[in-house]
Amino acid sequence: MTDVQVVDGELVPLRAVAAQLHVDPARLRRMSLAGEFPALLRITRKHYLVRRAELEAWQAGRWTTESAARAALVAEAVRGGVRNRRRKSARGHS
């Protein structure tokens, strides 16, 4: 990540991120509320910060929302990669 001012080594101003990505900061706020962008820390009514580690993970494609992680687990279970261990215990089998 370059050209973005880092505050306290961990936080990045949303306006700087938006300028780097060539998007409006309001769009990133909406994406954050929708779970498509990392959570924002509100400093004032118009100033937000984002955690640098989450931003870098998002940019690298490693960041995921809780619902996306849950969906990935369900998809893996459907493919047979996850076994339901409760089924045997519910029937009384060991």
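Note that the structure is a prediction, hence the values are computed from the model and not measured.

Rules behind the numbers
- Residues numbered from 1 in each chain as written.
- Predicted model: local features only at pLDDT ≥ 70, side-chain atom pairs only at ≥ 80, totals over all residues.
- Heavy atoms only, no water.
- Salt bridge = Lys/Arg side-chain N within 4 Å of Asp/Glu carboxyl O.
- Helix = DSSP H or I, 4+ residues; strand = E, 2+ residues; numbered from the N terminus.
- Buried < 20%, exposed > 50% of the residue type's maximum accessible area, 1.4 Å probe, protein only.
- Core = buried A, V, L, I, M, F, W, Y, C linked by side-chain atoms within 4.5 Å.
- Contact = heavy atoms within 4.5 Å.
- Pairing = 2+ DSSP bridges.

This part takes up the pattern of salt bridges. Using the criterion set out here, one finds two salt bridges in the structure. Close ionic contact of R52 with E10 constitutes a salt bridge, the shortest N to O distance being 3.9 Å. Taken together, the positions of R52 in helix α3 (residues 52-60) and E10 in the segment before β1 (11-13) put the pair 42 residues apart, joining distant regions of the chain. Exposure remark for R52: the relative accessible area of 26% places this residue in the partly exposed category. For E10, a relative accessible area of 47% translates into the label partly exposed.

With eleven residues, the main nonpolar core is built from V12, L14, V17, A18, L28, M31, F37, L40, Y48, V50 and L55. Taken together, the elements giving at least two residues each to this core come down to α1 (14-21), α2 (25-33) and β3 (48-51). In terms of residue count, the dominant contributor to this core is α1 (three residues). Setting aside chain neighbours within four positions, we find L28 in contact with L14, V17, A18, L21, V23, F37 and L40.

As paired strands, β1 and β3 are joined by three bridges and run antiparallel to one another. Across the sheet, residue V12 finds its bridge partner in β3, namely V50. Note that strand β2 (residues 40-42) and β3 share three bridges and pair antiparallel. Each residue of the ladder has a partner; that of R42, found in β3, is Y48. Linking β2 back to β3 in an antiparallel pair, the connection comprises five residues.

Looking only at α2, the buried set comprises A26, L28, M31 and S32. The inward-facing, buried residues of α2 contact α1, β2 and α3. G35 occupies a position one or two residues after α2 and carries a positive phi of about 85°.

Let us now look at unusual backbone geometry. Of note in this structure, H22 is not a glycine but carries a positive phi near 60°. Along the chain, H22 falls in the loop between α1 and α2.

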